[in-house]
Amino acid sequence: GEVRLNGRRAPKGAVVTAGDVIELEESVGRTAEAACIPEPDAALDVRFETSAVLVVQKPAGQPTAPLRAEEKGTLASALVGRYPELAGVGYSPLEPGIVHRLDTDTSGLVVVARTRAAFETLRDALQSEQLQKEYLLVCQSDGLPDDGVIEHPIANHPKDQKRVYPCVHPRDVMRYAPRPALTKFTVVKRVTNATGSWALVRATAPRAVRHQLRAHFASIDHALAGDKLYGVDGSIGRHALHASRVAFEGGGQPELRFDVTSDLPEDMQKLVTE
């Protein structure tokens, strides 16, 4: 709420163009200089570790990074508490070493760079789609094809800053200047039980813009189970999305090579158990 784009409050992920005027409140500069609070006793689930890279698992409900320096309980605070060298690495002091984020209610694997050189390599790998990311999700089964591709570009929602807007119609593409977004998916299993008819789906999103998987599946009328923002309430108390695999060939650097997988968490597993 402290950033203005052409005199108006700018939403998260706003796209700017040449000639736009950006104004920052004084407190924004102070926050940018502050680092997140280290929490050395906080729980941290490390799944892979070398001298250059970590892969950690974030539980659902935990923010990846704080919005403000005084915020506690984030993955970032746990990371810098156990690995203090991360404080000088990353996009900002509030994101120590974190190469990519997950939504607060998304569980799963996050890649963390331990050195500035490793961060630059992994950031470039993410942008060039060499950093592989796979997800597991649960959505309504009826009418969902066994596999498919969703290519609706995504824009900031014109009326709700908490959401993004998949531009299904050409007129929306012209109106909102969305970002390209590609999601590929394959159904792993289908189950009908007391809670409904569900499909467990494996999906990939090379760049994964904000809320991409959630918005894409909602755009084809198969919103994720439990997704209050894009679908229906209920099921498991959060949207059923889990970052299940991250992999990188290393770019010629053995210490940066990894291929880590994570099993479906218990709350999602219950949805797809007969």
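Refer to the structure printed above.
No experiment lies behind these values; they were computed from the predicted model shown.

Caption draft 1: Quick peek at the overall build of the chain. On a plain count of helices and strands, the chain comes out with six helices and 14 strands. Relative to its length of 274 residues, the chain is compact, with a C-alpha radius of gyration of 19 Å against a globular reference of 19 Å. Per-residue burial over the chain gives 46% buried out of 274 residues. Sequence separation of at least 24 residues holds for 66% of the intrachain contacts in the chain that already meet a minimum separation of 6. Accessible surface, the chain: about 13,900 Å² in total, of which carbon and sulfur atoms supply 48%. Distance between charge centroids for the chain: 3 Å, based on 33 positive and 36 negative side chains.

Caption draft 2: Expanded view of the pattern of salt bridges. If you walk through the whole model with that rule in mind, you get 13 salt bridges. Of the charged contacts, one joins Glu134 and Arg202 as a salt bridge, the two residues approaching to 3.9 Å between their closest N and O atoms. One end of the pair, Glu134, is in strand 7 (residues 132-140); the other, Arg202, is in strand 12 (residues 196-204), with 68 residues separating them in the sequence. Put simply, Asp146 and Arg190 hold a salt bridge, and the shortest N to O gap is 2.8 Å. You can see Asp146 sitting in the loop between strand 7 and strand 8 (147-150) and its partner Arg190 sitting in strand 11 (residues 183-193), a full 44 residues away along the chain. The exposure class of Arg190 is partly exposed, given its relative accessible area of 33%. One network of salt bridges, in which partners are shared, links Glu134, Arg202, Arg245 and Asp259.

Caption draft 3: Summary view of the sheet that holds strand 2 (residues 8-9). Read across the open sheet, the three strands follow the order 2-1-3; overall the sheet is antiparallel. The open sheet has two edge strands, strand 2 and strand 3 (22-24), and neither has a second partner. Sheet analysis places strand 1 (residues 3-5) next to strand 3, joined by three bridges and oriented antiparallel. Within strand 3, the residue paired with Val3 across the bridge is Leu24.

Caption draft 4: Looking closely at a nonpolar patch on the surface. On the surface, Val16, Ile22 and Leu24 cluster together into a nonpolar patch covering about 290 Å² of accessible area. By the element assignment, Ile22 lies in strand 3. The exposure class assigned to Ile22 is exposed, which follows from its relative accessible area of 51%.

Caption draft 5: Structural view of the environment of Phe258. Turning to its location among the elements, Phe258 is positioned in strand 14 (residues 258-261). In this structure, Phe258 is in contact with Phe48, Val53, Val55, Val111, Leu122, Leu131, Val246, Ala247 and Phe248, ignoring residues within four places of it in sequence.

Caption draft 6: Looking closely at helix 3 (residues 116-127). Counted at 1.5 Å a residue, the expected span for helix 3 with its 12 residues is 16 Å, and the 16 Å between its end C-alpha atoms agrees. Within helix 3, burial applies to Ala118, Phe119, Leu122, Ala125 and Leu126. End-on, the buried residues of helix 3 take up no more than an arc of 130°, which puts them together on one face. Along helix 3, exposed side chains directed more than 90 degrees from the buried face belong to Arg116 and Ala117.

Reading the values: rules and limits
Residues numbered from 1 in each chain as written. Predicted model: local features only at pLDDT ≥ 70, side-chain atom pairs only at ≥ 80, totals over all residues. Heavy atoms only, no water. Helix = DSSP H or I, 4+ residues; strand = E, 2+ residues; numbered from the N terminus. Rg over C-alpha atoms; globule rule 2.2 N^0.38 Å. Buried < 20%, exposed > 50% of the residue type's maximum accessible area, 1.4 Å probe, protein only. Contact = heavy atoms within 4.5 Å. Areas by Shrake-Rupley, 256 points an atom, 1.4 Å probe, with all protein chains shown as cover. Lys, Arg positive; Asp, Glu negative; His and termini not counted. Charge placed at Lys NZ, Arg CZ, Asp CG, Glu CD. Salt bridge = Lys/Arg side-chain N within 4 Å of Asp/Glu carboxyl O. Pairing = 2+ DSSP bridges. Patch = residues over 30% accessible without salt bridge, like charges linked within 9 Å, V, L, I, M, F, W, Y side chains within 5 Å. Expected span 1.5 Å × (residues − 1). Arc of directions from axis to C-beta.

Function cannot be inferred from these measures alone, as they are strictly geometric.
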